[in-house]
Structures are given as C-alpha cells and as structure tokens.
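Residue-level structural notes
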Amino acid sequence: MALMAALFSIVGLGRVNYLALICVIQLSTAVWAWRHRLQSRTAASKDSGQPDLVAILLAAAGVILLTALDHAWTSRNGKISGINEDLGYFAQMATALPEAKLATVWTAVLGRWTQAAGETSDVWYHWGPIWLVSGVSKLTGWPTLAVLLNVIAPAINTVLVLLASRIVAQISGRTLRQSLLIGGISLIAVTVPSMTEAALLGKWLPGDAMPHFHPSLVYQFSYKFEAVLVLAALTTWLGGCTWLAAAMLFIAAVSAPHTVAGGGLAAGTLGCIAILLRQRRMVILAGGIILTLIAAWASIHFLFGVDMPKTEEAKLIDLHGAALWKNSIEGLRDAFIGVLLIAPVLPGIWHLIRRGKNPQQVTLGWLALAALAGSYIAYHLLLPDGDRSHFTMYAHAFLVVPIGVWGMYALLADGSQIQSKISTTLLTLVAIAGVYELWGTRAWQSPLPIAAEDVPAIKEKLCGQQWGYFAERDRNWWIPQMSALAGVLDSRCLRLNEIPDKDRKSNAARFYGSGRLYDLVPEVAGESHLNWSVRLATKLDIRYVVEFDRAPLPADLRPTLTEVLKVPGLRIYQWQSSPEAPHKP
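**Points about the overall build of the protein**
Across its full length, the protein carries 24 helices and five strands. The C-alpha atoms of the protein give 25 Å as radius of gyration, which agrees with the globular expectation for 585 residues (25 Å, within 12%). For the protein, buried positions account for 55% of its 585 residues. A separation of at least 24 residues holds for 72% of the contacts in the protein among residues at least 6 apart in sequence. Total accessible area computed for the protein in this model is approximately 25,700 Å², and 62% of it derives from carbon and sulfur atoms. Where the 47 positive side-chain charges of the protein centre and where its 39 negative ones centre are 10 Å apart.

**Here's the deal with the confidence of the model for the protein**
Counting all residues, the mean pLDDT for the protein is 89, and 94% of those residues have values of 70 or more. Contacts of residues 38-50 to residues separated by more than four positions or lying in other chains number 18 contacts, the stretch itself having pLDDT below 50.

**Some thoughts on the sheet that holds strand 2 (residues 493-495)**
The sheet built from five strands is open, its strands ordered 2-1-3-5-4 with mixed pairing. Of all the strands in the sheet, the pair left with one neighbour each is strand 2 and strand 4 (561-567). When strand polarity is set aside, the average angle formed by the axes of neighbouring strands in this sheet is 30 degrees. Note that strand 3 (residues 544-548) and strand 5 (residues 570-575) share five bridges and pair antiparallel.

**What about the side chain of Asn 497?**
Assignment of secondary structure puts Asn 497 in the loop between strand 2 and helix 21 (500-503). Here Ala 471 takes part through its backbone oxygen, which lies 2.7 Å from a polar atom of the side chain of Asn 497. Not counting the four nearest positions on each side in its chain, Asn 497 is found in contact with Tyr 469, Phe 470, Ala 471, Trp 478, Asp 503 and Ser 533.

**Considerations on unusual backbone geometry**
In this structure, Trp 478 is a non-glycine residue whose phi angle is positive, near 65 degrees. Within the secondary structure layout, Trp 478 lies in the loop between strand 1 (467-469) and helix 20 (483-488). For Asp 541, which is not glycine, the phi dihedral falls at a positive 60 degrees. Relative to the elements of secondary structure, Asp 541 occurs in the loop between helix 24 (529-539) and strand 3.

**Regarding the nonpolar core**
With 174 residues, the main nonpolar core has Trp 127, Leu 364, Trp 406 and Trp 467 as its most contacted residues. If you look at the next biggest cluster of nonpolar residues, it comprises seven residues, including Met 195, Leu 201, Leu 205 and Phe 213.

**Considering the packing of aromatic side chains**
Within this structure, the stated rule accounts for 16 aromatic pairs. Arranged with centres 3.8 Å apart and planes meeting at 15 degrees, the rings of Tyr 394 and Phe 398 form a pair that is stacked. Linking Tyr 394 with Phe 398, this pair stays in helix 17 (residues 389-414), spanning four residues, or about one helical turn. Both residues of the pair, Tyr 394 and Phe 398, belong to the buried class. Through successive ring pairs, a cluster of aromatic residues spans Trp 106, Trp 477, Phe 511 and Tyr 512. Above the face of the Tyr 379 ring, Arg 388 is positioned so that its terminal group lies 4.4 Å from the ring centre. Its guanidinium or amino end placed over the ring of Trp 478, Arg 495 lies 4.9 Å from that ring's centre, counting from NZ or CZ.

**Side note on the packing of helix 8 (residues 176-188) against helix 18 (residues 417-444)**
Viewed as axis vectors pointing N to C, helix 8 and helix 18 meet at an angle of 50 degrees, and their least axial separation amounts to 8 Å. Here helix 18 runs oblique to helix 8, going by the angle between their axes. For the crossing formed where helix 8 meets helix 18, the hand is left-handed. Contact residues: helix 8 offers Ile 182, Ile 185 and Ile 188, while helix 18 offers Leu 427, Ala 431, Gly 434, Val 435 and Leu 438. Partitioning the contact of helix 8 with helix 18 into residue classes produces seven nonpolar, one polar and no charged.

**What about the pattern of salt bridges?**
A complete count under the given rule lists 19 salt bridges for this structure. Salt-bridge contacts for Arg 516 lead to Asp 519; the nearest nitrogen and oxygen are separated by 3.1 Å. Residue Arg 516 and its partner Asp 519 are both found in helix 23 (residues 516-520); the two are separated by three residues, about one turn of the helix. The class for Arg 516 is partly exposed, based on a relative accessible area of 23%.

**Concerning helix 1 (residues 2-13)**
Given a rise of 1.5 Å per residue, 12 residues ought to cover 16 Å, and the 17 Å separating the end C-alpha atoms of helix 1 matches this to within 8%. Looking at helix 1, one finds that the buried residues are Ala 2, Ala 5, Ala 6, Phe 8, Ser 9, Gly 12 and Leu 13. All buried residues of helix 1 fall inside an arc of 160 degrees around its axis, so they share one side. Gly 14 sits one or two positions beyond helix 1 and adopts a positive phi of about 75 degrees.

**Here's the deal with a nonpolar patch on the surface**
On the surface, a nonpolar cluster with roughly 290 Å² of combined accessible area is contributed by Val 16, Leu 303 and Phe 304. With respect to the helices and strands, Val 16 occurs in the loop between helix 1 and helix 2 (20-35).

**Here we look at the pairing of strand 3**
Within strand 3, five of the five residues are buried, leaving the element largely enclosed by the surrounding structure. Residues Tyr 544, Val 546 and Phe 548 point to one face of strand 3 and Val 545 and Glu 547 to the other, with burial holding for every one of them. One ladder, built from two bridges, connects strand 1 with strand 3; its direction is parallel. When the sheet's bridge partners are listed, Gly 468 is paired in strand 3 with Val 545.

**Some words on helix 24**
For helix 24, every residue scored as buried is listed here: Leu 530, Asn 531, Trp 532, Ser 533, Val 534, Leu 536 and Ala 537. At the C-terminal side of helix 24, Asp 541 shows a positive phi close to 60 degrees.

**Structural notes on the state of the cysteines**
Overall, the coordinates contain zero disulfides when judged by the stated rule. Looking at the unpaired Cys 493, the closest cysteine sulfur is the one in Cys 463, lying at 17 Å. For Cys 493, a relative accessible area of 0% puts it in the buried group.

**Regarding the packing of helix 10 (residues 221-238) against helix 11 (residues 242-255)**
Two quantities define a packed helix pair, namely the angle between the axes and the distance from one axis to the other. Where helix 10 contacts helix 11, the axes come no closer than 8 Å and their chain directions differ by 165 degrees. By the angle class used here, helix 10 and helix 11 are roughly antiparallel. Helix 11 is crossed by helix 10, and the crossing has left-handed handedness. For the pair formed by helix 10 and helix 11, the contact residues are Phe 225, Glu 226, Leu 229, Val 230, Ala 232, Ala 233, Thr 236 and Trp 237 on the first element and Leu 244, Ala 245, Met 248, Leu 249, Ile 251, Ala 252 and Ser 255 on the second. In terms of residue class, the contact of helix 10 with helix 11 is built from 12 nonpolar, two polar and one charged.

Cut-offs and rules
Residues numbered from 1 in each chain as written. Predicted model: local features only at pLDDT ≥ 70, side-chain atom pairs only at ≥ 80, totals over all residues. Heavy atoms only, no water. Helix = DSSP H or I, 4+ residues; strand = E, 2+ residues; numbered from the N terminus. Rg over C-alpha atoms; globule rule 2.2 N^0.38 Å. Buried < 20%, exposed > 50% of the residue type's maximum accessible area, 1.4 Å probe, protein only. Contact = heavy atoms within 4.5 Å. Areas by Shrake-Rupley, 256 points an atom, 1.4 Å probe, with all protein chains shown as cover. Lys, Arg positive; Asp, Glu negative; His and termini not counted. Charge placed at Lys NZ, Arg CZ, Asp CG, Glu CD. pLDDT = per-residue confidence, 0-100. Pairing = 2+ DSSP bridges. Axes fitted to C-alpha atoms, helices over the stretch in contact; angles between N-to-C directions. Polar contact = N/O pair within 3.5 Å; in protein donor to acceptor, adjacent residues only side chain to side chain. Core = buried A, V, L, I, M, F, W, Y, C linked by side-chain atoms within 4.5 Å. Phe/Tyr/Trp six-rings, centres within 6.5 Å; stacked < 30°, edge-to-face > 60°. Lys NZ or Arg CZ within 6 Å of the ring centre and 35° of its normal. Parallel < 35°, antiparallel > 145°, perpendicular 65-115°, else oblique. Left-handed = near helix turned anticlockwise from the far one by under 90°. Nonpolar A, V, L, I, M, F, W, Y, C, P; charged D, E, K, R; others polar. Salt bridge = Lys/Arg side-chain N within 4 Å of Asp/Glu carboxyl O. Expected span 1.5 Å × (residues − 1). Arc of directions from axis to C-beta. Patch = residues over 30% accessible without salt bridge, like charges linked within 9 Å, V, L, I, M, F, W, Y side chains within 5 Å. Disulfide = S-S within 2.5 Å.

Right, here's the structure in full:
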C-alpha cells in the first residue's frame, strides 16, 4: 500500500519526490529479508491455514460491507447523504495534484495555478492516501470521491482490522480468528464520547476542552494510512524483528509529520519514565525511536528540501518565562484529567505493565501512558498557532485507547473470573461508546442540497470544470465546505469571497499562511471585495458560479451572469462573457 502510494506520487508529479524514500526502504528491506530468509519469530497460529484464511475473508467482507453502509451516497428521501467534509477535501486534493505537479497544502484550492501563486516545493503532509486515490482514479477513470469511499477506504479499513487483530493475538496468545472482533473494537473504541457530548465535557472540565476531544481511529480518515504503517511496525516489533520494525517506523515517519510528532512525543516521555524506573532496555528503545524519526525527517529535509507546511512566522514554542510556566502547568493538569478520562481502558494498560508476557508487552503499556502524558503537555507547549489537537487525537487514536483495549483482552484471557467479567464489561462499554460516537458524528453531516436524480444533469453542465460559489459561512483558510458536493459532481470548487475571520485571522491562516490567493491576484487599493472575487474567478478560468438556497449570490453580481441550469437546491450561472468586475475600483 505504501509502495503503491509512493509510485503513484512519482508518476503523478512526473518526478522523484521525497516519498520515493518509501520505495527505497521497502525494496531494500525486501531484498535483505529474502537474502537472510527472515522468519517471523511470533508464536505460530494454533489453527491450520485454511480456517485463518476463512476468518480473514469473512472479516474483510464484514469491514467492506460496514464501510459501504457508512459511506452510502443516497438517503431514503432521494437526497445525497451528508459526506464528511474532510473526505471531500481529500478527493478535491487528489483531483488537483496531478495538474498542479506540486504537493502543497494550497494545491486543492489553486490546482494548476499553485506554482504561479508562488509555491515552489513540496511540503510534508499526509499525502499517502491522497496519492492512492489519485492513482487509482487515473487508472480506472472513476471519480476521486468514488475511489476514496468505495475502494481506498474499505481497503485501508480491512488492513487495519487485520493488523490490530494480529497484535491482539500476539498479546493475548489467542488465535487470529478469536482476536478479530477485539481488533475491530480497538479501532472504533472511545472511552468518553467527547465529540458528540462536547458541551457536557466542556461544562465540567477546567480550561480548554479541545485537547480532550478524542475521535476513534476509524473516524479520522487522514490517520488511517499512517496507522497501517505504525501498526505494522508495532506487530513486527512485538514479534521480535526490531530492525524490520525500525524500517517500518522510518517509512511511517517519511509518510507524514503526524507520526514524527506523535511518535517522538511518546518516545521522549517514555525515555523520561524509563530513566526514573532505571529500565535500560526502555531507554535504548526510546532513543532508537527518536533517532529513527529524526533520521526520517533529516532525509526528506536535506535530500529533498521538504519541511512542515507552516509560515516562517509561526512559532514552534513560546519560550517566554511566564507563558512557559503557565503552559507547562496546564499540560500537567490536563494529563492528569486525561488519565481519568481513559479509566475504562486503564486496567488493560496496567495489566500489560504488571503482567506483560515479555519486555515488549510491558514497554507497550508504558508507551500508552507516555503517549498520553506527552501529547497533553505538547498541546499546551508547542505550535501555539497550529492545529494542536492533532497531538492528543493522534496519541489516543493510535496508542492510548487501542493499547488499552488490547491489554483488556489479555486481562480477560489471563485473569481471574472476576477480572474477566470486569474486562468484558469494560470492553463492551468502550465499544458501545465508539459506535455511539460514530453514529452521532455521522448525524452531523447534513444532506447535500441536491437530489440524486439531478446529479447527471449537473455533471453534464459542469463537465468536470472548477466552479465558484459565495458564502458568508465556510471552513477555515479557503478550504471549501462544498468540496464534498464537488466530489459527488466529479469536479472541484472554490469559494470566491474572502471571510476575514476564517481566511486571515484563524489559527490555520496564521500557521499555514493566507497570502497565496492574493499573490496570484493582488489586491488593488480601493477595490471592492466583489471586484477582487471576480478577478480571481477570471484568473482561475472559473466559468460557472453556483448559488445555493442557503448561500445566495451578491446582488451586484447577478447582472453579469446568465442562469444555465436550475434544480431544487441550487442554480448554476455562467458569465455572460469573460468575467468582468461589476464596478471599477
């Protein structure tokens, strides 16, 4: 999967880029493994190959079915179902990457104009699943959103369940068939439904409630590809193949900065814990993880000139004495709260620490606690203008909750009758909470404003071209909220009007920068916002403007447009000639 993503990126960009390191490491590792006849040192399955194969096929079928139900396009009333806006954005990015020939965070917005706007090099981002979508779409001719929802998402979900189940089998000593259910639960589990019950959580917790919002791994599509690599490294390490695990971790670090940040924080905190416990083995492991992550960063930075997609002005840390002290105290406070919030899986983590069958399992338990503490402290100390919630969300989705669930199953298998009953109850609770959270977040997604029967006519009119719209409310930093609709229509879209609070003043704008659209279309002194929007549409060759019932077009713009299609929920307009500003500056 990682190899295919890297190859698709080379073909899509038409050049060797930093993801090519994944090809080099994977192929080198394969040659080394073949030459040394590398054998897995994990316990052999108690079942014959055929029953395991049947279980794997049944599990894959179940995952594919559940993914299809979750990503169904149409609802009972004939409307297009609500689709996670992030998925629409990723589909738009997958469409734009090959034409941009540059992988930056502005690509989805600017497409082939990305380089003209001033972007000169690739940036470090979770491109893997996006390149998979883009590559498969090019090979099949299917729309990128359809590929994402119907091909890549079920494939990644299936691999994740199998990897998690493998780890459960390694820890508990049970067969893969017996561990499949627990592996799946570990990916959907949450200890507290914080996303759907955010108001309740925020009411009772001191300070900022944001670091305590912890969606499951299944909810976060942007994490899933990286999770495949991280879980592959974990299961290899648990099997005793340390060097192979290091290679997989290196690949995961090259793939996305999230792994370097999340893994580095967990390893650094683990190292501090190991020093206090005088555990030399854990100190060496923590140091090895940190060195591997640094090596991955150094490779892409110095060989390919790639770094984080942030502005030079964005701070990494606020070193003022008062701020440093305040943030450290708040980080420690939230880490303590975090321990309380993971109470349903804490017995599993503690079981690994106290009763792990080997040093790897003991270290795995400590790693979960280290990830929790390190992520909360980092949330308050690092990237004051960045999306800091990734620190805590990553730690919980990848390490804290899954490790707790795996440990709970080991406790169920090894513990007394009372411990087994308690473990079963707690596993049931976190599974129910996870399903409740997924159901609730799915309900957030409002149906798109068109009926399924109108999609062909709209697609025929737009012909895959980028279209514009105007809105008073939208997502941060020019990311179009309508990208999910654009994905359904096999096209791309762009909000043409600026929303200052979102596009200039938000944390995202301060961290990633807000000027590329203005670099491409500079503002003119005394010019109206509408004039600038029209000049932007002209520059980007946007021929169609779409009006929605909840987002009407500016009145001054209407004389310049001709309605070409009307369906319930939206109207499509075309410029009467090439777009011209309705008023002179």
